[in-house]
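Chain residues, written in single-letter form:
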Amino acid sequence: FNLILRSALRIGVAQLVFLNTPSHAAISETVEVVRTYGLVTSKPVPEPLIKFVNAVLRNVNRNIDDVNERFSPVCNMVPWFRQRLHDDWGAATTIKICEQYMETPHYLDLSFKTHDDNFIHALLDSQNITHEILENGSTRLENVNAPVTEIPGYSSGDWWVQSASASIPAMALISSLKDLDKDFGDLIVGDVCAAPGGKTAQLLSSGLRVVAVESSARRVRRLGENLDRLKLAEKCIIKNCLGQSWLPEEHVDGILLDAPCSATGTGIRRPDILQKPEDDISGLLKSQRELCEHCIDNVLNKGGILVYSTCSIFKEESEEQVQKLLDRSEGTRVRTIPFRQGEIGGFDDAIDENGWLRVLPGCLDGELKKCDGFFVARLEVK
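The subject of this paragraph is the packing of aromatic side chains. Here the structure, examined in full by the defined rule, presents five aromatic pairs. Between the aromatic rings of Trp-80 and Phe-81, the centroid separation amounts to 5.6 Å while the plane-to-plane angle is 20 degrees, which identifies the pairing as stacked. Chaining the aromatic ring pairs together yields one cluster made of Trp-80, Phe-81 and Phe-314. Over the aromatic face of Phe-314 sits the side chain of Arg-84, whose NZ or CZ is 4.6 Å from the ring centroid.

On to the pattern of salt bridges. With the rule as written, the count across this model stands at 22 salt bridges. Put simply, Arg-340 and Asp-179 hold a salt bridge, and the shortest N to O gap is 3.6 Å. On the criterion of sequence distance, the pair formed by Arg-340 in the loop between strand 10 (334-336) and strand 11 (357-359) and Asp-179 in the loop between helix 8 (168-178) and strand 5 (188-192) is long-range, its members being 161 residues apart. For Arg-335, the salt bridge identified is with Glu-380, shortest N-O distance 2.7 Å. Pair noted here: Arg-335 is in strand 10 and Glu-380 is in strand 12 (residues 374-381), with a separation of 45 residues, a long-range link. The network of salt bridges with common partners includes Asp-109, Arg-140, Glu-367 and Lys-370.

Sheet topology places strand 1 (residues 107-112) next to strand 3 (residues 139-142); four bridges connect them, and they run antiparallel. Across the sheet, residue Asp-109 finds its bridge partner in strand 3, namely Arg-140. Summarising the sheet, strand 2 (residues 131-133) and strand 3 pair through three bridges and their orientation is antiparallel. Among the inter-strand pairings, His-131 is bridged to a residue of strand 3, identified as Leu-141. Once strand 2 ends, the chain turns through five residues before running back antiparallel as strand 3, passing Gly-137 with a positive phi of about 105 degrees.

This paragraph deals with the nonpolar core. By size, the foremost hydrophobic cluster in this structure holds 45 residues, and its most contacted members are Leu-203, Leu-208, Phe-347, Leu-357 and Val-359. Listing elements by their share of this core, those giving two or more residues are helix 8, helix 9 (198-205), strand 6 (209-214), helix 10 (217-229), strand 9 (305-310), strand 11 and strand 12. Setting aside anything within four residues of it in sequence, one finds Val-359 in contact with Ser-165, Ile-168, Phe-347, Ala-350, Leu-364, Cys-371, Asp-372, Gly-373 and Phe-374. Counting residues in each nonpolar core, the second largest holds 26 residues, with Phe-375, Ala-377, Leu-379 and Val-381 among its members.

Attention now moves to the packing of helix 2 (residues 23-41) against helix 3 (residues 47-62). Between helix 2 and helix 3, the shortest axis-to-axis distance is 10 Å and the interhelical angle comes to 160 degrees. As far as their axial angle goes, helix 3 and helix 2 are roughly antiparallel. For the pair helix 2 and helix 3, the sense of crossing is right-handed. Mapping the contact onto sequence places Ser-23, Ile-27, Thr-30, Val-31, Val-34 and Arg-35 in helix 2 and Glu-47, Ile-50, Val-53, Asn-54, Leu-57, Arg-58 and Asn-61 in helix 3. Per-class residue counts for the contact of helix 2 with helix 3 are six nonpolar, four polar and three charged.

Bridge count for strand 6 against strand 7 (residues 236-240) is five bridges, and the pairing is parallel. Bridging across to strand 7, Val-211 finds its partner in Ile-237. This β-α-β element, strand 6 to helix 10 to strand 7, shows right-handed connectivity.

What follows deals with the sheet that holds strand 2. A sheet is described by the order of its strands in space; here four strands give the open sequence 2-3-1-4, paired in antiparallel fashion. Taken across any chain shown, the strands that pair with only one partner, and hence form the sheet edges, are strand 2 and strand 4 (159-161). Strand-to-strand twist across the sheet, computed as the mean angle between neighbouring axes with direction ignored, equals 30 degrees. Here three bridges tie strand 1 to strand 4, and the two strands are oriented antiparallel to one another. Bridge assignment links Phe-112 to a residue of strand 4, and that residue is Trp-159. Packed on one face of the sheet, helix 7 (residues 117-125) meets strand 1, strand 2 and strand 3 and runs near 170 degrees to strand 2.

Conventions adopted
- Residues numbered from 1 in each chain as written.
- Predicted model: local features only at pLDDT ≥ 70, side-chain atom pairs only at ≥ 80, totals over all residues.
- Heavy atoms only, no water.
- Phe/Tyr/Trp six-rings, centres within 6.5 Å; stacked < 30°, edge-to-face > 60°.
- Lys NZ or Arg CZ within 6 Å of the ring centre and 35° of its normal.
- Salt bridge = Lys/Arg side-chain N within 4 Å of Asp/Glu carboxyl O.
- Helix = DSSP H or I, 4+ residues; strand = E, 2+ residues; numbered from the N terminus.
- Pairing = 2+ DSSP bridges.
- Core = buried A, V, L, I, M, F, W, Y, C linked by side-chain atoms within 4.5 Å.
- Buried < 20%, exposed > 50% of the residue type's maximum accessible area, 1.4 Å probe, protein only.
- Contact = heavy atoms within 4.5 Å.
- Axes fitted to C-alpha atoms, helices over the stretch in contact; angles between N-to-C directions.
- Parallel < 35°, antiparallel > 145°, perpendicular 65-115°, else oblique.
- Left-handed = near helix turned anticlockwise from the far one by under 90°.
- Nonpolar A, V, L, I, M, F, W, Y, C, P; charged D, E, K, R; others polar.
- Right-handed = clockwise from strand over helix to strand, strands pointing away.

Shape descriptors only; they carry no functional weight alone.
Quick look at the structure:
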C-alpha cells in the first residue's frame, strides 16, 4: 500500500499548501480516496493506515504556516535548472524569476499594426475588454476568456499576439535603421528564423522591405498564414532555407536573428520549463554561433546591423555568445551599438553595462515585471 498512501498524501498536501482547497474538503476527500481504493481493488486498506493518512494531513493543516515557510519558489525547479540560474544571476534573482513563473498569467499581450492609441482603445472598448497600452507600445489585455479569434480586430488583421519583451528585437533594428542617412522605405532587412512571424510583422508594419528566412517548411506555412491574416504577405519575400546558407539577392541593411534557443525565458506560460530534463544545448550553441557568423561574414556589409536575440535566460546562449563575436580574431569584426535610455519604453532598467538589453522575468517594475525573459544585443559590422 506504500504507493497509494504516498500518492494520496502528496495530493492532500498539495491541496492544503498550494491549491487553497478548504482544509475539511482536502482532508476528507483524500481519506475517502484511500478508503475507496480498497473497495475498487478488493484489497482493503487497513484502517490504521487510513487513520495515518488522516492524522498526517491534519498535522500539516495545524502547522500550515510553518510548512509554507519551508517552501521556496525555487523548489519548483529541477536542481540543474536552479543551479544554472544561481550561477548566472545569484540566489535573489533566481527567486524573483521563479516567483514570477509561479504566477498564473491572466493577461495577453498584442502588437498592433497601427500606433494610433485612439483606434486601439475604441476597438477594444467596443467589447468592454480591459486593456492597457504599455510603455513599449504593446497592448496588454486583462482576464480575456474568449478565444483569440473572437477578440475584435482578429479577422481584419489589426494585431498579432506577441509578448512585450518579444517586441524589443524588431524595435531595436528599426530604431538603428532610422538613424542611417538613407531613405527608410528603401531599406531591406532579413528576418532569420522568422516564424511564426511576429517580428516580421513589426518590420513590415514599420515600412521596411523584408526577406523572411525560415528553415522549416511547416513553420513557413504558418508564417505565410499569419502574414496573410495581417494583410502583409505581399510586402514580404519568404525564403525556405537554412539561415546559415541564405545569401540575399539584394544588398541587406540589417538582420534580425532571433536564434533557436532553450526557451527558458518563457516559463510564465510554459511552467513545464521548470521541470525540463537537462538537455545538451551544445547543438543550439553551435547553430547560434554559425548563424551569427554567417550573417556577419557573408551577408552584411560594413555598417550593416545585426540584432541578435534569444528567449533564453542562460548567459551561455546570450551574453556569452555575443562576447565571443566581439572577441573573435578571425572573420569580420563587429562593435556593439548600445541601447540608449528611453529608446525602448519601459525597459531602461534592463540595459546592462555592455549596452545590451537583458529582460529577466519578475525583475522589472510595474506591468513589465510580467514579461518573458529575453536578451537583445545590437551589433554593427566594422
